[in-house]
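# Structural description and commentary
Listed here are the chains, written in short residue letters.
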Amino acid sequence: MPGVTEEQIAAAKRMTAIEFLQRYRPGELVKADSRGEFQLRAHDSFKINGTTSHFHWKSRDIGGKSALDYLIKVEGMKFVDAVRTLCDESPIYIPSPSQPDRKKAFVLPPAAENNRRVFAYLMKRGISRKVIEACVRAGILYESADYHNAVFVGKDGHGVARYAFLRGTYTKGTPFKAEAAGSEKQYSFCIPPNGETTRLAVYEAAIETLAHLTLEGTADKWRLSLGGIYAPREKTETQASFFKKPPALEAFLKRQPEIDEIEICLNNDFAGRWAAACLEKAYQGRYRIVKNLPEKEGCDYADLAKEKYEERAALHRAACFR
């Protein structure tokens, strides 16, 4: 491995994520519950077990156990730099606990010459070409030049990009998912309607907004991705105290005070149903609430769009062999 030896890599892997956080980020750790689980002060959807060191950042769907995993996946450090940091060869990479964190400036990834891979990937996921083209024209979807990720852009009220969610277009292995550094969650990915409306539909992820628009075929409402949700890990934990109003939704409602209906289109799993119930309770009275989770257990609208696409493809193949 250029820059570091196998011995250094092995040494770096010996430190656990919880050891690293307790030693170098003690001010960031907040106790989450009585079972020895912690979360990060800046990211409440990040959870780490104080005994096993297993961590999971739900909003980005990433996890790990070692300090090396944490530095690379959570803090975005390059592999060689992370190894050197943990081997005490580059202490500059570890700020002292008293040193305030500097917010990274938000910069959109450079765009590729075309959006060919994004079109191919999304269309195989059942998203219609018409929907993809509309998002590209609106400047809220494009293909990155470096890794050919699909970049879902969130803009403020003045049309300035303030958020970006990156999703890998390669179909093998676990798909890459991450928010661009410096992204502001309150400006999460949102598909505008055609014309005036007082209706808003909310989803857990960006691709689900495209999928539901494809399935419905009408751009008659705002469609907002919440950029992930936080729900209790155990089905026995149903206390409303776990719930926090999504910053993307709160900010959107302030920017669009004419909204009078919120359609909840979260995933039909435990987390989605739990969050849907909390959203309904939090916003009922001020808004007309419509719960519209997918009928199929364990599915989201991206799953349903993909299933419909595969059904059509199978019928087409069958017709070709007649």
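Predicted model only: the values in this text are computed from it and were never measured.

## A look at the overall build of the protein chain
In terms of regular secondary structure, the protein chain is built from 10 helices and 14 strands. Considering only contacts within the protein chain whose residues lie at least 6 apart along the sequence, 59% involve residues at least 24 apart. Only carbon and sulfur atoms are counted for the fraction: they give 52% of the accessible area of the protein chain, which is about 17200 Å².

## Things to note about the sheet that holds strand 11 (residues 199-203)
Strand order in the open sheet formed by five strands is 10-12-11-13-14, with mixed pairing between adjacent strands. Strands at the two margins of the open sheet, each flanked by one partner only, are strand 10 (190-191) and strand 14 (288-291). The sheet contact formed by strand 10 and strand 12 (residues 222-225) spans two bridges and is antiparallel. By the bridge assignment, cysteine 190 is partnered in strand 12 with leucine 224. The strands touched by helix 7 (residues 206-216) are strand 10, strand 11, strand 12 and strand 13 (261-264); relative to strand 12, the strand with the most contacts, the crossing angle is about 150°. Against the sheet, helix 9 (residues 270-283) engages strand 13 and strand 14, with an angle of about 170° to strand 14.

## With respect to the pairing of strand 8 (residues 161-167)
Where burial is concerned, most of strand 8 is hidden: five out of the seven residues are buried. The turn joining strand 7 (residues 150-155) and strand 8, which pair antiparallel and follow one another in sequence, is formed by five residues; a positive phi near 80° is taken by glycine 159. When strand 8 meets strand 9 (residues 177-179), the two strands line up antiparallel, connected through three bridges. Its bridge partner lying in strand 9, arginine 167 is registered against lysine 177.

## Let's talk about the layout of surface pockets
Roughly 480 Å³ of volume is contained in the second largest pocket. Around the second largest pocket, the lining comprises 25 residues; the ones closest to its centre are Asp61, Lys177, Glu204, Ala205 and Glu208. When residues of the lining of the second largest pocket are traced back to their parent elements, those giving at least two are strand 8, helix 7 and helix 10 (301-320). Taken together, the residues that form the lining of the second largest pocket break down as eight nonpolar, six polar and 11 charged.

## What to know about the packing of aromatic side chains
Tallied over the full model, the rule gives eight aromatic pairs. Between the aromatic rings of phenylalanine 46 and phenylalanine 55, the centroid separation amounts to 5.4 Å while the plane-to-plane angle is 20°, which identifies the pairing as stacked. Where tryptophan 222 meets phenylalanine 252, the ring centres are 5.3 Å apart and the plane angle is 70°; that geometry is what we call edge-to-face. Here tryptophan 222 is found in strand 12, whereas its partner phenylalanine 252 is found in helix 8 (residues 247-255), with 30 residues between them in sequence. On the accessibility criterion, tryptophan 222 (17% relative accessible area) is buried. Linked through ring pairs, Phe20, Phe46, Phe55, Trp57 and Tyr70 together constitute an aromatic cluster.

## Let's talk about the pairing of strand 12
Judged by which residues are buried, strand 12 turns out to be covered on both faces: Trp222 and Leu224 on one side and Arg223 and Ser225 on the other are all buried. Bridge count between strand 11 and strand 12: four bridges; the pairing is parallel. Within strand 12, the position partnered with leucine 200 by the bridge is tryptophan 222. The β-α-β motif built from strand 11, the intervening helix 7 and the parallel element strand 12 has right-handed crossover chirality.

## So, the nonpolar core
Core analysis: the largest hydrophobic core is formed by 28 residues, its most contacted members being Leu122, Leu141, Phe152, Phe189 and Leu210. Listing elements by their share of this core, those giving two or more residues are helix 5 (116-124), helix 6 (129-137), strand 7, strand 8, strand 11, helix 7 and helix 10. Here the element with the most residues in this core is helix 7; it accounts for five residues. Among the nonpolar cores identified, the runner-up in size contains 26 residues, and Cys190, Trp274, Ala276 and Cys278 belong to it.

## So, the packing of helix 1 (residues 6-13) against helix 4 (residues 79-86)
Two elements in contact, helix 1 and helix 4, have axes separated by 8 Å at closest approach and are oriented at 70°. With respect to their mutual orientation, helix 1 and helix 4 come out roughly perpendicular. Packed against helix 1, whose contacting residues are Gln8, Ile9 and Ala12, the element helix 4 presents Phe79, Val83 and Leu86 at the interface. Classifying every residue of the contact of helix 1 with helix 4 gives five nonpolar, one polar and no charged.

## Comments concerning the pattern of salt bridges
When the charged atoms of two side chains lie near each other, side chains of opposite charge can form a pair. Inspection of the entire model under this criterion finds 14 salt bridges. A salt bridge links lysine 221 to glutamate 216; its shortest N-O distance comes to 3.1 Å. What makes glutamate 216 partly exposed here is its relative accessible area of 32%. When salt bridges that share partners are traced, they join Arg199, Glu216, Asp220, Lys221, Arg223, Asp260, Glu261, Glu263 and Arg288 into one network.

Cut-offs used in this document
- Residues numbered from 1 in each chain as written.
- Predicted model: local features only at pLDDT ≥ 70, side-chain atom pairs only at ≥ 80, totals over all residues.
- Heavy atoms only, no water.
- Helix = DSSP H or I, 4+ residues; strand = E, 2+ residues; numbered from the N terminus.
- Contact = heavy atoms within 4.5 Å.
- Areas by Shrake-Rupley, 256 points an atom, 1.4 Å probe, with all protein chains shown as cover.
- Pairing = 2+ DSSP bridges.
- Axes fitted to C-alpha atoms, helices over the stretch in contact; angles between N-to-C directions.
- Buried < 20%, exposed > 50% of the residue type's maximum accessible area, 1.4 Å probe, protein only.
- 1 Å grid on protein atoms, 1.4 Å probe; cavity = no way out; pocket = protein on both sides within 12 Å on 5 of 7 lines; lining within 4 Å.
- Points joined across faces, edges and corners; volume = space filled by probe spheres on them.
- Nonpolar A, V, L, I, M, F, W, Y, C, P; charged D, E, K, R; others polar.
- Phe/Tyr/Trp six-rings, centres within 6.5 Å; stacked < 30°, edge-to-face > 60°.
- Right-handed = clockwise from strand over helix to strand, strands pointing away.
- Core = buried A, V, L, I, M, F, W, Y, C linked by side-chain atoms within 4.5 Å.
- Parallel < 35°, antiparallel > 145°, perpendicular 65-115°, else oblique.
- Salt bridge = Lys/Arg side-chain N within 4 Å of Asp/Glu carboxyl O.

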